[in-house]
Amino acid sequence: MESQYLKRCLGSCLKKGLAEVVEHRPADPIEYLAHWIYNYRRILDEEKKRMLERIELEQEREAALEELEMLRKMKEEELMIQWKLEEQRQGQLEQEREELELQNEEDEMLLQQKDQEENEKTIAELTDRPGAPNLTRVEELDENGQFEVSV
């Protein structure tokens, strides 16, 4: 059981460290192995730190991509809203223009009716007004020889 613990926790580290001691044959192999294990641990810690930093950077990158996608969707939505508002505004302007044209046509028809009514007034109606000259009647003969009265 203790051998399994040592294999699981120290197996790779000790195997590599002892291989280094055999390869270099230092004067003090215990001190050399101690420094080598310390350095090995420092390297493992740095690798773990780099891996965590990579994971964090990847998460930040994914968050930034999601944010960019959200901003793109928001911009599309904003453009759609602006387009719809512009369509509504154009529709309102068109409706107002049509209403103004109808009002102008009605006003024009009323003016034409007034002009027509004024044109239909007879000379007698015009001379009945105060300040109008008092015209006498003139009798004329028509083609048949009958008298025709003009005012």
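Residues numbered from 1 in each chain as written. Predicted model: local features only at pLDDT ≥ 70, side-chain atom pairs only at ≥ 80, totals over all residues. Heavy atoms only, no water.

Peer 1: What am I meant to see in the overall build of the chain here?
Peer 2: Tallying secondary structure elements over the chain gives three helices and two strands in all. For the chain, the N- to C-terminal ordering of α and β elements is α-α-α-β-β. With 151 residues in all, the chain has 4% of them scored as buried. In the chain, once contacts between residues fewer than 6 apart in sequence are set aside, the share between residues at least 24 apart is 14%. As presented, the chain carries roughly 14400 Å² of accessible surface, and 54% of it is formed by carbon and sulfur atoms. (Helix = DSSP H or I, 4+ residues; strand = E, 2+ residues; numbered from the N terminus. Buried < 20%, exposed > 50% of the residue type's maximum accessible area, 1.4 Å probe, protein only. Contact = heavy atoms within 4.5 Å. Areas by Shrake-Rupley, 256 points an atom, 1.4 Å probe, with all protein chains shown as cover.)

Peer 1: Would you mind showing me how to read helix H1 (residues 2-24) here?
Peer 2: If you look at H1, its biggest bend is around 75°, right at Leu-10. Among the residues of H1, those classed as buried are Cys-13, Gly-17 and Val-21. Within two residues after H1, Arg-25 carries a phi angle of roughly 45°, on the positive side. (Bend = angle between axes of the 7 residues up to and from the residue.)

Peer 1: Sorry, what's going on with the pattern of salt bridges here?
Peer 2: Pairing of side chains with opposite charge becomes possible as their charged atoms draw close. For the structure on display, the rule yields eight salt bridges. Of the charged contacts, one joins Glu-46 and Arg-42 as a salt bridge, the two residues approaching to 3.0 Å between their closest N and O atoms. One end of the pair, Glu-46, and the other, Arg-42, are both in helix H2 (residues 29-120), four residues apart, so they sit about a helical turn from each other. Relative accessible area serves as the criterion here: at 39%, Arg-42 is assigned to the partly exposed category. Of the charged contacts, one joins Glu-101 and Arg-97 as a salt bridge, the two residues approaching to 2.3 Å between their closest N and O atoms. Of the two residues, Glu-101 and Arg-97 are both situated in helix H2; the distance of four residues between them amounts to about one turn of the helix. Residue classification places Arg-97 among the partly exposed positions, given a relative accessible area of 38%. A single salt-bridge network, built from bridges that share partners, covers Glu-69, Arg-72 and Glu-76. (Salt bridge = Lys/Arg side-chain N within 4 Å of Asp/Glu carboxyl O.)

Peer 1: Where do I start with a negative patch on the surface in this structure?
Peer 2: Together, Glu-105, Glu-106, Asp-107 and Glu-108 make up a region of like negative charge exposed at the surface. Relative to the elements of secondary structure, Glu-106 occurs in helix H2. Accessibility expressed as a relative area gives 45% for Glu-106, which makes it partly exposed. (Patch = residues over 30% accessible without salt bridge, like charges linked within 9 Å, V, L, I, M, F, W, Y side chains within 5 Å. Lys, Arg positive; Asp, Glu negative; His and termini not counted. Charge placed at Lys NZ, Arg CZ, Asp CG, Glu CD.)

Peer 1: I would appreciate a short explanation of the packing of aromatic side chains in the present structure.
Peer 2: The description of two aromatic rings rests on the distance between their centres and on the angle between their planes. A full pass over the atoms with the stated rule returns one aromatic pair. With centroids separated by 5.1 Å and ring planes inclined at 20°, the aromatic side chains of Trp-36 and Tyr-40 adopt a geometry described as stacked. Here Tyr-40 and Trp-36 lie together in helix H2, a separation of four residues that amounts to about one turn. Its relative accessible area of 17% is what places Trp-36 among the buried residues. (Phe/Tyr/Trp six-rings, centres within 6.5 Å; stacked < 30°, edge-to-face > 60°.)

Peer 1: What is the right way to look at the confidence of the model for the chain in this model?
Peer 2: As a general rule, the predicted coordinates of low-pLDDT regions are not to be interpreted in detail. Per-residue pLDDT for the chain averages 85, and the proportion of residues at 70 or more is 79%. Across the chain, the element-wise mean pLDDT spans from 55 in strand S2 (residues 147-150) up to 93 in H2. (pLDDT = per-residue confidence, 0-100.)

Peer 1: Help me understand a nonpolar patch on the surface in this model?
Peer 2: Taken together, the side chains of Tyr-5, Leu-6, Leu-10, Leu-14 and Leu-18 present a nonpolar region at the surface, about 430 Å² in accessible area. Take Leu-14: it is sitting in helix H1. By relative accessible area, Leu-14 is classed as partly exposed at 31%.

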